[in-house]
Every structure is written in C-alpha cells, then in structure tokens.
Amino acid sequence: MAALGWLPPRRRSATALSVLAGEASAEAARKTALAGAEPPTEPETEPGTLTEEGPEPTPEEPAFPVAGDDLAAAFFDLDNTVMQGAAIFHFGRGLYKREFFRRRELARFAWQQAWFRLAGVEDPEHMQDARDSALSIVKGHRVSELMSIGEEIYDEYMAERIWPGTRALAQAHLDAGQKVWLVTAAPVETATIIARRLGLTGALGTVAESVDGIYTGRLVGEPLHGPAKAEAVRALAAAEGLDLERCAAYSDSHNDIPMLSLVGHPYAINPDTKLRKHARTNDWRLRDYRTGRKAVKVGVPAAAGVGAIAGGAAAAIALHRRRK
C-alpha cells in the first residue's frame, strides 16, 4: 500500500507496520463515515455518576468541549473505556456460537491468551502466531457476512456493556458539534458497527485485507495497538484538518499513552495502574466508572486473568456439548 498523498511528511518514531496500519485504518474510517454517515443519536443509557477522581468541572475551569470548535474532535479507545471487556472477546463468543471454529481452536486461543498474561511481554513470534490463528477464522468469508453477524453479536453481547459515563462524555462532544471516533485494535468492521450503534462519527480499527469482498487471512500492516493507534489518529487528523492540540483522547490503558500524548486534552478512563501513575505525573484528567475498582480492576494477579480465560473457554465448550 503506497503512502497516502494527503499526509504531510515527517520523521516517524513508529515502525513501518504501525504507520501502515494507522494510515490504512484512517483511510477506511473516512470512507465508511462518508459512505454511510448517520446523524448522532441520543445516548442509549443514562449518564453515569463520576467518582471522586472524576469530578464535574468547577466554575473556574473553561468549558470543555468547546461548542462549535470544528478543528477539534474526540478519540475514544473501546475496550474497558467505552465498553466493559474486550470487543474481540465478545465477537469471538458470537462466532463460536455460530460454529465458525471448533473446540480445538478455542483451546488454542485460550492457551495463547494465558501465555501472554503469564509472560507479561509481547513476544513478536508468539503475537504473530496468535494473529494468524485469529485471521484463519475469517479467511475465505465475505466481509458483508461478518458485518451482518457483527450486528447480531452487538445486540447479544455488547449493547448492555457500554459504560454510561463514557457514553455521556462522547455525547458531550457530539452535542458540541464535534466528530467522535472510536480507536481500537478490534477489527474495523466490528468497531464501525459499535460506533454507528452509539451514534458516533466512525471508527479506527485493525484492517484485515480483503479482495473482492472476501477476507484473505492477512492484515494491512499490523493490529491497531499502541503506536499504531497514534499513527491512525495523526493520519485522520491530517485528513480532516484537525488541530490535535484542541482534540481530546480517552483510554484505560498505558498502551495508549502514545495516542493520549498526541492531543491537548488527554483523559485516563478506568485507568490501569501504569496509566493512572502516568496521568497523575502529567496532570491528566481521570475518570473512573467502575465499582470495586481497587479490588477487581487494578493489580489483578496474572493467575486470576488466566482463570477467567479458562472459565470462559470451559463455558464455551460446555455450550458446544449441550448443542450436540
């Protein structure tokens, strides 16, 4: 894929694959938004209550977002920021229910996730193996088929997992006349469905290669994760004529510090331990919409994460057996 002509030249700190992934995601997001844009809808849930770490702005603070500022936009991470849990996990549940893959593949995915949580590092060879496994599920399927199934899966597993507080923040930007984009490592098709159902502008996500509307089993670049997210936001901002200093970004993960650092208004939402520390050091705003955060969401031992995955795998296998 050639470099996009509308991007200004600059020195890049990200890898070539991160740049390619980001630019491909930005291009896909703009095409989707232009082709099927719908007017923003009202929130599907009531705004949540902010905790002591996320007070309402005081009278001394300037109004934000600024109404009518068309050089500003908002970028929201998806997993555990807008939605409880991981979109790709919920999507996988739906695909398993529809017999897209077998117990053997499910066990392999569970082992790969358990290994990653125990090791605590992103080994390139291991991550590539995990990506290849996931891509093999959709290889040969039509994009339109996955989009249609994605709509069903959203209703089954995702609609009730949207954080009301974060949804209210996104709506505030929409009400101010600004565009709001999801930015996620989830497939761009899944992310686009979620964005549309929430009345957002569109979504930046991982782009899987397709030829004549059929998935090839390869990615364009790499997953939209870490530096690749920052590249996608930078590319989209350049295409849309945005001033990043006037934009806002929201995330729960320290992996998104590159994206958060791009904008003038970074927010840590339901932050992990590393992001919480970084946000406090850099005087970033914090919002936390979780209950029992200290006991459940922060500093969870690796073994607990493995147990959760194993439990999910066992439940899926049990479901498979009951359907036989």
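Owing to the predicted nature of the structure, the values given are computational and were not obtained by experimental measurement.

Colleague: Provide a residue-level description of the overall build of the chain, including the pertinent values.
Modeller: Secondary structure summary: the chain contains 12 helices and 8 strands in total. Pairs at least 24 apart in sequence give 67% of the contacts found in the chain among residues at least 6 apart. Split by element, the accessible area of the chain, about 16,200 Å² in all, is 55% carbon and sulfur.

Colleague: Tell me about the nonpolar core, and name the residues and values.
Modeller: One finds Phe 76, Leu 95, Met 158, Leu 182, Ile 194, Leu 200 and Tyr 250 to be the most contacted residues of the largest nonpolar core, which totals 43 residues. Among the elements that make up this core, the one with the highest residue count is helix H5 (residues 143-158) (7 residues). Not counting residues up to four positions away in its chain, the partners in contact with Leu 200 are Arg 167, Ala 170, Leu 174, Val 180, Leu 182 and Ala 195. Core analysis: the next-biggest nonpolar cluster, separate from the first, contains 29 residues, Val 233, Leu 244, Cys 247 and Leu 286 among them.

Colleague: Lay out the pattern of salt bridges with the relevant residues and their values.
Modeller: Summed over the entire model, instances satisfying the criterion amount to 16 salt bridges. Between Arg 246 and Asp 69 there is a salt bridge, with the nearest N and O atoms lying 2.9 Å from each other. You can see Arg 246 sitting in the loop between helix H8 (227-240) and strand E6 (248-251) and its partner Asp 69 sitting in the loop between helix H1 (16-36) and strand E1 (73-77), a full 177 residues away along the chain. The residue Glu 152 makes a salt bridge to Arg 98 at a minimum N-O spacing of 3.0 Å.

Colleague: Talk me through the packing of aromatic side chains; I want residue IDs and the actual numbers.
Modeller: Enumeration over the complete set of coordinates arrives at 3 aromatic pairs. Where Phe 76 meets Tyr 250, the ring centres are 4.1 Å apart and the plane angle is 5°; that geometry is what we call stacked. A residue pair is termed long-range when its members are at least 10 positions apart, and Phe 76 in strand E1 and Tyr 250 in strand E6 qualify at 174 residues. Judged on exposure class, the residue Phe 76 and its partner Tyr 250 are both buried. With relative accessibility at 2%, the residue Tyr 250 sits in the buried group.

Colleague: Account for the packing of H5 against helix H7 (residues 188-197), with residues named and values stated.
Modeller: The geometry of H5 relative to H7 is characterised by a closest axis approach of 9 Å and an angle of 50° between their N-to-C directions. Accordingly, the angle class assigned to the pair H5 and H7 is oblique. In terms of crossing hand, the pair formed by H5 and H7 is right-handed. For the pair H5 and H7, contact is made by Val 143, Met 147, Gly 150, Glu 151, Tyr 154, Asp 155 and Met 158 and by Glu 189, Thr 190, Ile 193, Ile 194, Arg 196 and Arg 197, respectively. Considered class by class, the residues forming the contact of H5 with H7 number 6 nonpolar, 2 polar and 5 charged.

Colleague: Which residues make up the sheet that holds strand E2 (residues 179-187), and what values do they have?
Modeller: Sheet strands pair via backbone hydrogen bonds, and the direction of the pair is either parallel or antiparallel. If you trace the 6 strands from one edge of the open sheet to the other, you get E3-E2-E1-E6-E7-E8, paired in parallel fashion. Here the strands that pair on one side only, and so sit at the sheet edges, are strand E3 (202-206) and strand E8 (285-287). Sheet twist, expressed as the mean angle between neighbouring strand axes with direction ignored, is 20°. In terms of strand pairing, E6 meets strand E7 (residues 265-269) through 4 bridges, oriented parallel.

Colleague: Give me the pairing of E7: which residues, what numbers.
Modeller: Burial analysis of E7 places 4 of its 5 residues in the buried class, which makes it a mostly covered element. The sheet contact formed by E7 and E8 spans 3 bridges and is parallel. Within the sheet, the bridge partner assigned to Ile 269 lies in E8 and is Arg 287. A crossover connection joins E7 to the parallel E8 through helix H10 (residues 273-281); in handedness this β-α-β unit is right-handed.

Colleague: Quick rundown of the pairing of strand E4 (residues 208-211)? Include the residues and the values.
Modeller: The sheet contact formed by E4 and strand E5 (residues 214-219) spans 3 bridges and is antiparallel. Residue Ser 210 lies in a different strand from E5, and its bridge partner there is Tyr 215. What sits between the antiparallel neighbours E4 and E5 is a turn of 2 residues, in which Asp 212 has the positive phi angle 55°.

Colleague: Before we move on, could you go through the environment of Tyr 215 and cite the residues and values that matter?
Modeller: Here Tyr 215 is to be found in strand E5. Expressed as a C-alpha distance, the spacing of Tyr 215 and Lys 139, which sit 76 residues apart in the sequence, is 5.0 Å. Discounting chain neighbours no more than four positions away, the residues touching Tyr 215 are Val 138, Lys 139, Gly 140, His 141, Arg 142, Val 143, Leu 146, Glu 189, Ala 208, Glu 209 and Ser 210.

Colleague: Could you give me a rundown of H7, with the residues and numbers involved?
Modeller: Across the 10 residues of H7, 8 count as buried, placing the element largely inside the fold. Where H7 is concerned, the buried positions are Val 188, Glu 189, Thr 190, Ala 191, Thr 192, Ile 193, Ile 194 and Ala 195. Gly 199 sits one or two residues past H7 and shows a positive phi near 80°.

Calculation rules
- Residues numbered from 1 in each chain as written.
- Predicted model: local features only at pLDDT ≥ 70, side-chain atom pairs only at ≥ 80, totals over all residues.
- Heavy atoms only, no water.
- Helix = DSSP H or I, 4+ residues; strand = E, 2+ residues; numbered from the N terminus.
- Contact = heavy atoms within 4.5 Å.
- Areas by Shrake-Rupley, 256 points an atom, 1.4 Å probe, with all protein chains shown as cover.
- Core = buried A, V, L, I, M, F, W, Y, C linked by side-chain atoms within 4.5 Å.
- Buried < 20%, exposed > 50% of the residue type's maximum accessible area, 1.4 Å probe, protein only.
- Salt bridge = Lys/Arg side-chain N within 4 Å of Asp/Glu carboxyl O.
- Phe/Tyr/Trp six-rings, centres within 6.5 Å; stacked < 30°, edge-to-face > 60°.
- Axes fitted to C-alpha atoms, helices over the stretch in contact; angles between N-to-C directions.
- Parallel < 35°, antiparallel > 145°, perpendicular 65-115°, else oblique.
- Left-handed = near helix turned anticlockwise from the far one by under 90°.
- Nonpolar A, V, L, I, M, F, W, Y, C, P; charged D, E, K, R; others polar.
- Pairing = 2+ DSSP bridges.
- Right-handed = clockwise from strand over helix to strand, strands pointing away.

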